[in-house]
Amino acid sequence: MTAMAERITKKLESALSPQRLKVIDESHQHQGHGGWREGGETHFRVDIVSEAFSGKSRLERHRMVNAALAQELTDGVHALAIVARGPGES
């Protein structure tokens, strides 16, 4: 796991107490594209299941994740793909 992926994991665990969390660095798939830089750690995919998302819209869930990762988005994360679900959702 990359340093930024670890940072993202810790922030989301602290903010949203997920029951399941996967943080995947997909930077290698974006080499040469906008926002990519040598060394990667620019493009991530987050798959998260948390009780905190129950009753929330997709937009609200994404805003919650983005708020938790505001500093990381400022510090070089260029793209963040989010799949956020409540428990029992597929």
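Below or above, wherever it landed, is the structure these notes cover.

Rules of the game
- Residues numbered from 1 in each chain as written.
- Predicted model: local features only at pLDDT ≥ 70, side-chain atom pairs only at ≥ 80, totals over all residues.
- Heavy atoms only, no water.
- Core = buried A, V, L, I, M, F, W, Y, C linked by side-chain atoms within 4.5 Å.
- Buried < 20%, exposed > 50% of the residue type's maximum accessible area, 1.4 Å probe, protein only.
- Helix = DSSP H or I, 4+ residues; strand = E, 2+ residues; numbered from the N terminus.
- Contact = heavy atoms within 4.5 Å.
- Salt bridge = Lys/Arg side-chain N within 4 Å of Asp/Glu carboxyl O.

### Observations concerning the nonpolar core
So, point 1. One finds I8, L12, F44, I48 and V65 to be the most contacted residues of the largest nonpolar core, which totals 16 residues.
So, point 2. Put simply, the parts of the chain that give this core at least two residues each are α1 (3-16), β2 (43-49), α2 (58-68) and β3 (79-85).
So, point 3. Here this core gets five residues from one element, more than from any other, and that element is α1.
So, point 4. Once residues lying within four places of it in the same chain are set aside, the contact partners of L12 are S17, P18, L21, V46, I48, V65, A68 and L69.

### Here's the deal with the environment of S54
So, point 1. Relative to the elements of secondary structure, S54 occurs in the loop between β2 and α2.
So, point 2. Taking the C-alpha atoms as reference, S54 lies 7.4 Å from P87; in sequence the two are 33 residues apart.
So, point 3. Sequence-distant contacts of S54, defined by excluding residues within four places in its chain, comprise G86 and P87.

### Considering the pattern of salt bridges
So, point 1. All chains considered together, the criterion is met by seven salt bridges.
So, point 2. Measuring nitrogen to oxygen at the nearest pair gives 2.5 Å for the salt bridge that ties R7 to D75. Of this pair, R7 sits in helix α1 while D75 sits in the loop between α3 (70-74) and β3, and the two are 68 residues apart along the sequence.
So, point 3. Classification of R7 by relative accessible area gives partly exposed; the value is 31%.
So, point 4. Between E72 and K11 there is a salt bridge; the shortest N-O distance is 3.0 Å. You can see E72 sitting in helix α3 and its partner K11 sitting in helix α1, a full 61 residues away along the chain.
So, point 5. In this structure, a network of salt bridges that share partners links the residues R7, K11, E72 and D75.

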